[in-house]
Amino acid sequence: MKKIVIVEDEAAIRENYIDVLKKHGYNVQGYDNRPDAQAAFEQNLPDLAIIDIGLQNEIDGGFSLCQSLRALSPTVPIIFLTARDSDFDTVCGLRMGADDYLTKDTSLPHLMARIAALFRRSDLLATPTEQETLIERGSLTIDKNKMQIFWNKELVELTVTEFWMVYALAKRPGHVKSRHDLMDEAQVVVDDSTITSHVKRIRKKFLQYDDSFDCINTVYGMGYRWGS
Amino acid sequence: MPKFRIGLRIKVILISSFLLTLPWVGYKYILEMEKLLRQGQEQTLVGTTRAVATALNERPKLFSTQASFLQSVRKGRDLYAYELQNPITLNGQLMDWTDYDDKMVHYGREYVQFSRRPYNQNSISFRHLVGKYEGYLYAAFEVTDSSPILRRKNSVRVDRNDHLIIAMTSPDGEFFRYVVSAHADGWVNAWQITNDITDSSGLILQSQIQGYWRTTDKGYNIELRLPLSFLGNKLGFAFYDVNNAQNREIDTIIGTSNTSHLNRLGTVLVPSPEIEKILKGMGHTSTRIWVIDRHQRVLAQTGDIQESNGVWSSSVKYADNDGSWWSTIEKNILHPLYYRYLISEPTEFVDSLKDAALVKGVHVSQALNGRGYSHWRQSEDGKAMILAAAYPIWLGDNVMGAVIAEESTAGIQTLRNRAMEQLFNAILAIIAIGTITLFLFASKISSRIRRLRDEAEQAIDSQGRIQQLISPTKDTDEIGDLSRSLAAMVGRLGQYNHYLENLSSRLSHELRTPVAVVRSSIENLAMHSQDEDSLRYIARAQDGVHRLSTILSSMTEATRIEQSLQGAEKERFPLNELVTGCMQGYQMAYPHQTFDVQTETSDIFIFGAPDYLAQLLDKLIANAEDFSNDKDAIEVSLIQQGSSAILTVGNYGPLLPENMSDQLLNSMVSVRSQQKQTKPHLGLGLFIARLITQYHHGDIQLRNRIDNQGVEVVVTFPIQIIEN
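This one's a predicted model, so the numbers in the text were calculated from it and none came from an experiment. (Residues numbered from 1 in each chain as written. Chains lettered and ligands numbered in written order. Predicted model: local features only at pLDDT ≥ 70, side-chain atom pairs only at ≥ 80, totals over all residues.)

1. Some words on the overall build of chain A
And step 1. Counting its secondary structure elements, chain A contains 8 helices and 12 strands.
And step 2. Residues classed as buried in chain A amount to 43% of the 228 residues present.
And step 3. For chain A, contacts bridging at least 24 residues in sequence account for 56% of all contacts bridging at least 6. (Helix = DSSP H or I, 4+ residues; strand = E, 2+ residues; numbered from the N terminus. Buried ≥ 20, exposed ≤ 12 C-beta atoms within 10 Å, placed from the backbone. Contact = placed C-beta atoms within 7 Å.)

2. Focus: the overall build of chain B
And step 1. From N to C terminus, chain B includes 13 helices and 26 strands.
And step 2. Put simply, of all contacts in chain B between residues at least 6 apart along the chain, 67% involve residues at least 24 apart.

3. Overview of the sheet that holds strand E8 (residues 148-151) of chain A
Residues and elements named next belong to chain A.
And step 1. Taken in spatial order, the 4 strands line up as E6-E7-E8-E9 in an open sheet, and their pairing is antiparallel. Of all the strands in the sheet, just strand E6 (134-137) and strand E9 (154-156) have a single pairing partner and so form its edges. Averaged over neighbouring strand pairs, the angle between their axes works out to 25 degrees when direction is ignored.
And step 2. Summarising the sheet, E8 and E9 pair through 3 bridges and their orientation is antiparallel. Looking at E9, one finds that Phe 150 is bridged to Leu 155.
And step 3. Strands in contact with helix H6 (residues 160-171) are E6, strand E7 (140-143) and E8; relative to E7, the strand with the most contacts, it is inclined by about 120 degrees. (Pairing = 2+ DSSP bridges. Axes fitted to C-alpha atoms, helices over the stretch in contact; angles between N-to-C directions.)

4. What about the environment of Arg 506 of chain B?
And step 1. With respect to the helices, strands and loops of the structure, Arg 506 of chain B is situated in helix H8 (residues 478-528).
And step 2. For Arg 506 of chain B, a count of 14 C-beta atoms within 10 Å translates into the label partly exposed.

5. Considerations on the packing of helix H11 (residues 575-589) of chain B against helix H12 (residues 610-627) of chain B
Residues and elements named next belong to chain B.
And step 1. Contact geometry for H11 and H12: axes closest at 10 Å, N-to-C directions at 45 degrees. Between H11 and H12, the angle is such that the two are oblique. Regarding H11 and H12, the two cross each other, and that crossing is right-handed. In contact with Leu 578, Val 579, Cys 582 and Tyr 586 of H11, H12 contributes Pro 610, Leu 613, Ala 614, Leu 617 and Ile 621.
And step 2. A breakdown of the residues in the contact of H11 with H12 according to their chemical character gives 9 nonpolar, no polar and no charged. (Parallel < 35°, antiparallel > 145°, perpendicular 65-115°, else oblique. Left-handed = near helix turned anticlockwise from the far one by under 90°. Nonpolar A, V, L, I, M, F, W, Y, C, P; charged D, E, K, R; others polar.)

6. Some words on the nonpolar core
And step 1. Grouped together as the largest cluster of nonpolar side chains are 59 residues, with contacts concentrated most on Val 7, Ala 49, Ile 51, Cys 66, Phe 80 and Val 166 of chain A.
And step 2. Per-element accounting of this core gives the leading share, 7 residues, to H6 of chain A.
And step 3. If you count residues domain by domain, this core takes at least three from each of domain 1 (3-124) and domain 2 (131-226) of chain A.
And step 4. In this structure, Leu 164, Met 168, Val 180 and Phe 239 of chain B belong to the second largest nonpolar core, which totals 51 residues. (Core = buried A, V, L, I, M, F, W, Y, C linked by C-beta atoms within 7 Å. Domains from an automatic or database assignment.)

7. Overview of the packing of helix H2 (residues 34-43) of chain A against helix H3 (residues 61-72) of chain A
Residues and elements named next belong to chain A.
And step 1. Remark: H2 packs on H3, axes separated minimally by 10 Å, with the N-to-C direction vectors making an angle of 5 degrees. With respect to H3, the element H2 is oriented roughly parallel. Here Arg 34, Ala 37, Gln 38 and Phe 41 of H2 lie close against H3, whose contacting residues are Gly 61, Ser 64, Leu 65, Ser 68, Leu 69 and Leu 72.
And step 2. Along the lines of polarity and charge, the residues of the contact of H2 with H3 split into 5 nonpolar, 4 polar and 1 charged.

8. Digging into the sheet that holds strand E18 (residues 385-395) of chain B
Residues and elements named next belong to chain B.
And step 1. Across the sheet, 5 strands lie side by side as E16-E15-E19-E18-E17; this open sheet has antiparallel pairing. Bordering the open sheet on either side are strand E16 (298-302) and strand E17 (373-378), each of which pairs with just one other strand. Between one strand axis and the next, the sheet turns by 20 degrees as a mean value, whatever way the strands run.
And step 2. Where E17 lies against E18, 6 bridges are found, and the strand directions are antiparallel. Paired with Tyr 373 across the two strands is Ala 390, which belongs to E18.
And step 3. Strand contacts of helix H2 (residues 21-56): strand E15 (288-293), E17, E18 and strand E19 (398-408), with the helix running at about 30 degrees to E18, the strand carrying the most contacts.
And step 4. Lying on the sheet, helix H4 (residues 273-281) is in contact with E15 and E16; it crosses E16 at an angle near 30 degrees.

9. Considerations on the interface of chain B and chain A
Bring the parts together and some accessible area is lost; that lost area is often taken as the interface size.
And step 1. Facing the 32 residues of chain B at the interface are 27 residues of chain A.
And step 2. When residues of the side of chain B that touches chain A are traced back to their parent elements, those giving at least two are H8, helix H9 (532-555), helix H10 (557-566), H11 and H12 of chain B.
And step 3. The element best represented in the side of chain B that touches chain A is H8 of chain B, accounting for 11 residues.
And step 4. Its residues assigned to classes, the side of chain B that touches chain A shows 11 nonpolar, 15 polar and 6 charged.

10. Side note on H2 of chain B
Every α-helical turn comprises 3.6 residues, leaving residues that sit three or four positions apart pointing alike.
All names here are of chain B.
And step 1. Its 36 residues give H2 an end-to-end C-alpha distance of 52 Å, which sits within 8% of 52 Å, the value for a rise of 1.5 Å per residue.
And step 2. Three or more residues of H2 are buried, namely Gln 41, Leu 45, Thr 48, Thr 49, Val 52, Ala 53 and Leu 56.
And step 3. Once H2 finishes, Glu 58 follows within two positions and takes phi at roughly 55 degrees, a positive value. (Expected span 1.5 Å × (residues − 1).)

11. Some thoughts on the pairing of strand E12 (residues 223-226) of chain A
Consecutive side chains along a regular strand alternate between the two faces of the sheet.
Residues and elements named next belong to chain A.
And step 1. As paired elements, strand E10 (residues 177-178) and E12 share 2 bridges and run antiparallel to each other. What sits directly across from Lys 177, in E12, is Tyr 224.
And step 2. Bridge count for strand E11 (residues 216-219) against E12 is 4 bridges, and the pairing is antiparallel. Its bridge partner being in E12, Ile 216 is matched across the sheet by Trp 226.

12. Remarks on H3 of chain A
And step 1. Along its 12 residues, H3 of chain A runs 17 Å from first to last C-alpha, staying within 8% of the 16 Å computed at 1.5 Å per residue.
And step 2. Of all the residues in H3 of chain A, the buried ones are Gly 61, Gly 62, Phe 63, Leu 65, Cys 66 and Leu 69 of chain A.

13. Observations regarding the pairing of strand E1 (residues 3-7) of chain A
Residue and element names in this part refer to chain A.
And step 1. Of all 5 residues in E1, 4 are buried, a share of seventy percent or more.
And step 2. Here E1 pairs with strand E2 (residues 27-31) via 5 bridges, running parallel. Bridging from a neighbouring strand, Lys 3 pairs with Asn 27 of E2.
And step 3. For the crossover from E1 across helix H1 (residues 11-23) to E2, the handedness is right-handed.
And step 4. One ladder, built from 4 bridges, connects E1 with strand E3 (residues 48-51); its direction is parallel. By the bridge assignment, Ile 4 is partnered in E3 with Leu 48. (Right-handed = clockwise from strand over helix to strand, strands pointing away.)

14. With respect to the confidence of the model for chain B
Residue and element names in this part refer to chain B.
And step 1. Model confidence for chain B is summarised by a mean pLDDT of 82, while 91% of its residues fall at 70 or above.
And step 2. At the low end of the mean pLDDT range in chain B sits helix H3 (residues 60-64), at 71; at the high end sits strand E11 (residues 219-227), at 91.
And step 3. Confidence estimates for the predicted assembly give a pTM of 0.52 and an ipTM of 0.78. (pLDDT = per-residue confidence, 0-100.)

15. What about the environment of Ala 384 of chain B?
Residue and element names in this part refer to chain B.
And step 1. In this structure, Ala 384 sits in the loop between E17 and E18.
And step 2. Linking Ala 384 and Phe 349, residues 35 residues apart in sequence, is a C-alpha distance of 6.4 Å.
And step 3. Filtering out sequence-adjacent residues up to four positions away, Ala 384 remains in contact with Pro 346, Thr 347, Phe 349, Ser 379, Ser 408, Thr 409 and Ala 410.

16. Considerations on unusual backbone geometry
Peptide bonds are mostly trans, and most non-glycine residues show a negative phi.
Residue and element names in this part refer to chain B.
And step 1. With a phi angle near 45 degrees, Glu 134 is a residue other than glycine that sits in the positive phi range.
And step 2. The residue Glu 134 is located in the loop between strand E5 (124-133) and strand E6 (136-145) in this model.
And step 3. Using a count of 8 C-beta atoms within 10 Å as the deciding quantity, one classes Glu 134 as exposed.

17. Re the environment of Thr 347 of chain B
Residue and element names in this part refer to chain B.
And step 1. On the secondary structure map, Thr 347 appears in the loop between helix H5 (325-341) and helix H6 (362-368).
And step 2. In this structure the C-alpha to C-alpha distance between Thr 347 and Lys 383, which are 36 residues apart in sequence, comes to 6.8 Å.
And step 3. Dropping the residues within four chain positions of it, Thr 347 is found in contact with Lys 383 and Ala 384.

Take a look at the structure:
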């Protein structure tokens, strides 16, 4: 049974999440402050951690908790769940090594889907890649099962949200995906400008591997499309 | 009507113009001083006359010979020997007497002593004057005689022709008579008459009495000279006129007085050398002094009025010209200025004695009545004031004469002028320094206030946002206080504004957690409940929560955009392509809305962030679509004007509320009517548009269309200049 740790100082939310996750058959442990969670991590690593950024009197307690957990294990999936939704926080959280960043607006089904996806990815990482799950688009290779994306055979580190977006675009090259479409595909409820900044971040990640990457085109007023 | 603005500086200058009363006060003061000086001068002058009079008091000898004891003096009968200024040449032409022409006495009908026939003016009359020059008495006669009869060559008789009889007393009081008659024009001598004139043997030639006889058109002229030593205090002249050359009878006798008898002889007054000596001895006063007898005839005089300025000339001299720059300025600039406009210089004037035989004036009559007196009078030509003082000379209880002293006021005037020069210099300096100081002071204050005003104006922009804080000054005065309180005020306002601007994001942040609680609870409930009714309520609750979170996220949109704009990267791209592309998208997004798009065919390059510009266009189109009448097209145009790209989005529909167009661009200002509220509107759309425009250094304006059928938004961007 997968073990999930929720670090959230708001009791009602924590309890709700714990209830849902337990119903889905996870072993859930909840903490409301950083030191307790820290101690628990050191004793026993969870399979997945959902961490709030602001923890009681520590404004950035979630960030430091994420850092120390990442230090303990480089592979355990970490999801930031927060009321904050500024770009700055998003970038910070992802730099700390989080796998995804969700606002508390995210509905529970979305959250569950994300958790399931993350587990699938971490589970399948060990198994060999099955050829039929691979999608090839020029230099791009998508492993749908492992939720991994390769550019010129090199792995591009993407969050689940980002993976789903790239997947949605690359699935049908040349087809324009509106921001709303991308939102649905990535199972998030955010505003347009957040989608814009997600796309920007994705472009930057690809540019790290290829200076001439320009496959994600902006179609002004409509959305984005994958061009080759 | 244009309203004149009077600045602080001008006000201070106007107030400082009260300094101009200083010269007036100084001027008044100097005039008072001058009055005082004049009084002093009056006193001094009266003192001078008193001193001179005292020297002459109780000296009967001086006056006994001067006919001063006469009760009355008759002009014409009693002669006055004028002090002649120039030597007289005896030539019968009377050229030397022209200066005294007005003083010549005309002897006519009144002076006729005997006439055979009724007197005729043309028959005989004469004008006459006596004068004194260096020990001689000179006499001039201008005789009008219709028929001058001269003495026959061989005649011994001197009385059978026109002749002149001179009668006088010697200094000893002896009575002498002389006759002057001529054979022809030329030198003549007087003959003393010892017995009778008809007795030619009784005539003794007196060569000391010389004369010149010259026949003229009207008659003849005679000039005579006799030594003063011959002369006592009585003198008379008489002409015996003969008209008939045949019988040579005396027709008319006309003369100054009766020359036949000592008692009837008129007097003569010769200016007294003794008194003059005394006057000269009185010292070299800078005063014109006359001594007159009780008949107002001048006995002696000394001094010149031109030199009599009443003060010691040394006291009005300028300090040595040291050639310094100040004295040069003073001499070349200030003094000409003063004397041209402010100060009058003492002018040249003429004042001569009108008639030494009859000096007139209030002071004279007062002095002759025994009272010292002084008064001011104008000079003869009216150009200067002359101070005249008179004081009586006593002999016993009788006033024997008077001493008259006169001085001009030139000295005092010069003193006054000196004082005024100094005053004007000082006042000029005070006014200049005072005005400059005040002006600088006012300028300083005014510039400080203006700086404060500018800061205050710049502190808050037209949309009421705090642009920059006011930097408080450290000055301890009221303006410093004002600056500090303004700075504090703007600071507090800024804090409040900041609070307001952050209110939505703070609020949304705070609301997110409870919304998440509600949402997660409902979703949990939805998983449990299978009840039909419950599911329906849950669905409604979920819908409400969804809307709530949409509101929350749009509340923070502006803040997020502001933050993300800070990190946005600009690039050079064609704006027209962006507009065209977006418009195609909008046509798909709003299938029921028609769009009328006009863009330039050539590329309009701007330097900016295309994503945000697309977002800007989103907001403008969404806004236009909300307000547009459904059947009318939304007009979008992009044109290049100079170095600006102008993007206009216009729609037909309701007009802007009055005076709200600027505020609509502010955060959380919305004027939507209630019917339109199908979606949550926080009035952030145009605010976000403004943020993006400002980020691109552009300008956004909201206004009613010219045809008043709707509203248009005009966004202006600077164009990126293409570099080759």
